[in-house]
Amino acid sequence: MSTAIINPADETVVAHVEFADREATDAAVARAVVAQRAWAALAPAARAAHLRAIADMVEAHVPELADLEVANAGHPIGQARGEAQAVADVLRYYAATPERLTGSQIPVAGGWDVTFCEPIGVVGVISPWNFPLPIAIWGVAPALAAGCAVILKPAEWTPLTSIRLGELAREAGLPEGVLTVLPGRGDVVGERLVSHPEVRKIVFTGSTATGRRVMAGCAENIKPVTLELGGKSANIVFADADLELAAASAPGGVFDNAGQDCCARSRILVEARVLDRFLELLEPAVRAVAVGDPRSETTEVGPLVAAAHRERVASFVDDESIVAFRGTCPEGPGFWYPPTVLLPPREHRTVHEEIFGPVVVVLPFEDEADAVALANDSIFGLSGSIWTRDVGRALRVSRGVQAGNLSVNSHSSVRFSTPFGGYKQSGIGRELGPDAPYAFTETKNVFLADS
């Protein structure tokens, strides 16, 4: 089945992509099973060399990959270049892993006991449409480093850069079948990867609702799964914070990638006694956000990914009385939506539901305990920020907020060298960081008798 891929900035067709069916998925799994055995048998240094070669190939094609992401996902060109470069950086980081996936020797009576980290087998990576390349490589790179073969199913709306990544990996010399990129529908390719008995692990990034179905499907085969799901992260601003810096940073914390980010700080919680001053500082910062043509070097925010998604985002802002102020966006073709700041009551749906667009709510709190309680009043727990000059408060609130990735006096908390994942309904397991490849292994214990 051929599917049209739409440029979200101008609504033109940029490509047609053939989507795989169940039979093609089964065939890809069969090839991956064979390829994985040979890949795992390679010397660790050889696997590492392959990862470095792919990194070099990706780095040489950063401009091409960036242009593809601009056309397919509407990412601003500067952001798209950074995302493409991050793929090479992540591959190089995990290229150091194959020679360091060590087991242990455990003292026991009557002999010796040793453990080995054995690759789990074929891994299915189901990646999202919001950050097609970076999130795909978060699963692909450590799995390859561990000796697994990977079948990558990109999101239906944004498959182009993942397809090109697979081609570049083959051009760099990666053996056939070790990395397969399989575009297709979630209810066809995705569900078959989840149900196929030879796919031994699933890595899924997407909505919490779909994550529940993936988790249930994996349970049928007792299959391990890593889930990175939704978020409704809090950006907590205390009265003693540098309010100018906090307000200037807030738009980047929620409007980057047009708010299509599970880590978006989409709830700004401000100590009540400085709320008015904070809003005075926030308004010009929001109005200054440059929303426009993603091909322009000066653009900071591009369009939403699809017409259906724009309609969903707009449905949350159906009451103008709660709108504090807005930025601007282009008119005409394209799935545009302006940066929007709301002042709703605490019980409003925009406070609790993930909007996944350039919409942020601002809520006052009374004291530290109220701030933590308000931050934790969510089914999600992925990310967040804390703004204060008080180091003790920063540590107390960081420990009190139920989220997996927090930053203090910054809106950035995701780095490939540190663990990433959420609490509650934001997911299960951790990606990234030095231990990520171990998640793609099974621990084998061997006892050797001394007689």
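Since the structure is predicted, the reported quantities are computational estimates derived from the model, not experimental observations.

Caption draft 1: Layout of the overall build of the chain. Along the backbone of the chain there are 14 helices and 20 strands. For the chain, whose C-alpha radius of gyration is 23 Å, the value lies close to the compact-globule estimate of 22 Å for 451 residues. Projecting the C-alpha coordinates of the chain onto the three principal axes gives extents of approximately 75 × 60 × 40 Å. The long-range fraction of contacts in the chain, counting pairs at least 24 apart against all pairs at least 6 apart in sequence, stands at 72%. Accessible surface for the chain amounts to roughly 18000 Å². Of this, 54% is attributable to carbon and sulfur atoms. Across the chain, the mean location of the 38 positive side-chain charges is 4 Å away from that of the 55 negative side-chain charges.

Caption draft 2: The arrangement of helix α5 (residues 132–145) in detail. Taking 1.5 Å per residue, 14 residues should reach 20 Å; α5 reaches 20 Å between its end C-alpha atoms and fits that length. Taken as a whole, α5 carries its principal kink of about 30° at Trp138; the proline Pro142 stands between one and four residues after it. Most of α5 sits inside the fold, with 14 of its 14 residues counted as buried.

Caption draft 3: Representation of a nonpolar patch on the surface within the structure. Together, Ile106, Val108 and Phe447 line one region of the surface with nonpolar side chains, adding up to about 240 Å² of accessible area. Here Ile106 is to be found in strand β3 (residues 105–108).

Caption draft 4: Representation of unusual backbone geometry. In this model, Phe356 sits at a positive phi of 60°, which is unusual for a non-glycine residue. Position of Phe356 among the secondary structure elements: in the loop between α12 (349–352) and β14 (359–365). Overall, the relative accessible area of 16% leaves Phe356 in the buried class. One non-glycine residue, Leu432, adopts positive backbone phi at about 65°. Here Leu432 shows up in the loop between β19 (427–428) and β20 (441–449).

Caption draft 5: Structural detail: the packing of aromatic side chains. Throughout the structure, instances matching the rule amount to six aromatic pairs. When the centroid spacing of 5.4 Å and the interplanar angle of 65° are considered together, the rings of Tyr93 and Phe416 count as edge-to-face. Here Tyr93 is found in helix α4 (residues 77–95), whereas its partner Phe416 is found in the loop between β17 (405–408) and β18 (423–424), with 323 residues between them in sequence. Note on Tyr93: relative accessible area 25%, which makes it partly exposed. Taking the relative accessible area as the measure of exposure, Phe416 reaches 28% and is therefore partly exposed. Pairing Phe238 with Phe365 gives two aromatic rings, centres 5.2 Å apart and planes at 75°, and the pair type is edge-to-face. With Phe238 in the loop between β10 (234–237) and α9 (243–255) and Phe365 in strand β14, the pair connects residues that are 127 residues apart, well separated along the chain. Members of the aromatic cluster, each reached through a chain of ring pairs, are Tyr93, Tyr94 and Phe416. Above the face of the Phe440 ring, Lys201 is positioned so that its terminal group lies 4.7 Å from the ring centre. Over the ring of Phe316 we find Arg349; its NZ or CZ atom is 4.0 Å from the centre of that ring.

Caption draft 6: Spotlight on helix α2 (residues 44–60). Here α2 contains 17 residues, and its C-alpha end-to-end distance of 25 Å stays within 8% of the 24 Å for a straight helix at 1.5 Å per residue. Listing the buried residues of α2 in full gives Arg47, Ala48, His50, Leu51, Ile54, Ala55 and Val58. End-on, the buried residues of α2 take up no more than an arc of 155°, which puts them together on one face. Buried residues in α2 make contact with α1 (22–41), α3 (62–73), α4, α5 and α6 (160–171).

Caption draft 7: Spatial organisation of the packing of α4 against α5. Where α4 contacts α5, the two axes come as close as 9 Å, and the packing angle between them is 15°. Considering their axes alone, α4 and α5 lie roughly parallel with respect to each other. The interaxial crossing formed by α4 with α5 has right-handed handedness. Within the contact between the two elements, α4 uses Glu83, Ala84, Val87, Val90, Leu91 and Tyr94 and α5 uses Leu133, Pro134, Ile137, Ala141, Pro142 and Ala145. Grouping the constituent residues of the contact of α4 with α5 by class yields 11 nonpolar, no polar and one charged.

Caption draft 8: Main features of the layout of surface pockets. Of the volumes computed, that of the largest pocket is approximately 990 Å³. Broken down by element, the lining of the largest pocket gets its largest block of residues, six residues, from helix α8 (residues 208–220). Across the lining of the largest pocket, the residue classes break down as 15 nonpolar, 12 polar and eight charged. Computed from the structure, the second largest pocket encloses a volume of approximately 610 Å³. Taken together, 25 residues form the lining of the second largest pocket, with Phe131, Trp138, Asp261, Ser412 and Val414 sitting closest to its centre. For the lining of the second largest pocket, the secondary-structure elements that each account for two or more residues are α4, α5 and α9. By residue number, the principal contributor to the lining of the second largest pocket is α4, which donates five residues. The residue makeup of the lining of the second largest pocket, split by class, is 12 nonpolar, eight polar and five charged.

Caption draft 9: Seen up close, the sheet that holds strand β16 (residues 383–387). As summarised here, the arrangement of the seven strands in space is β12-β13-β14-β11-β10-β16-β17, forming an open sheet in which the pairing is mixed. The open sheet has two edge strands, β12 (323–326) and β17, and neither has a second partner. Neighbour-to-neighbour, the strand axes of this sheet turn through a mean angle of 20°, independent of strand direction. Pairing of β12 with strand β13 (residues 340–342) involves three bridges; the strand directions are antiparallel.

Caption draft 10: The nonpolar core, seen in detail. Of all hydrophobic cores here, the largest spans 57 residues; its most connected members are Ile236, Val237, Ile268, Phe278 and Leu282. In this structure, Ile268 is in contact with Asn235, Val237, Ala250, Phe278, Leu282, Val360, Val361, Val362 and Leu363, ignoring residues within four places of it in sequence.

About the criteria used
- Residues numbered from 1 in each chain as written.
- Predicted model: local features only at pLDDT ≥ 70, side-chain atom pairs only at ≥ 80, totals over all residues.
- Heavy atoms only, no water.
- Helix = DSSP H or I, 4+ residues; strand = E, 2+ residues; numbered from the N terminus.
- Rg over C-alpha atoms; globule rule 2.2 N^0.38 Å.
- Contact = heavy atoms within 4.5 Å.
- Areas by Shrake-Rupley, 256 points an atom, 1.4 Å probe, with all protein chains shown as cover.
- Lys, Arg positive; Asp, Glu negative; His and termini not counted.
- Charge placed at Lys NZ, Arg CZ, Asp CG, Glu CD.
- Expected span 1.5 Å × (residues − 1).
- Bend = angle between axes of the 7 residues up to and from the residue.
- Buried < 20%, exposed > 50% of the residue type's maximum accessible area, 1.4 Å probe, protein only.
- Patch = residues over 30% accessible without salt bridge, like charges linked within 9 Å, V, L, I, M, F, W, Y side chains within 5 Å.
- Salt bridge = Lys/Arg side-chain N within 4 Å of Asp/Glu carboxyl O.
- Phe/Tyr/Trp six-rings, centres within 6.5 Å; stacked < 30°, edge-to-face > 60°.
- Lys NZ or Arg CZ within 6 Å of the ring centre and 35° of its normal.
- Arc of directions from axis to C-beta.
- Axes fitted to C-alpha atoms, helices over the stretch in contact; angles between N-to-C directions.
- Parallel < 35°, antiparallel > 145°, perpendicular 65-115°, else oblique.
- Left-handed = near helix turned anticlockwise from the far one by under 90°.
- Nonpolar A, V, L, I, M, F, W, Y, C, P; charged D, E, K, R; others polar.
- 1 Å grid on protein atoms, 1.4 Å probe; cavity = no way out; pocket = protein on both sides within 12 Å on 5 of 7 lines; lining within 4 Å.
- Points joined across faces, edges and corners; volume = space filled by probe spheres on them.
- Pairing = 2+ DSSP bridges.
- Core = buried A, V, L, I, M, F, W, Y, C linked by side-chain atoms within 4.5 Å.

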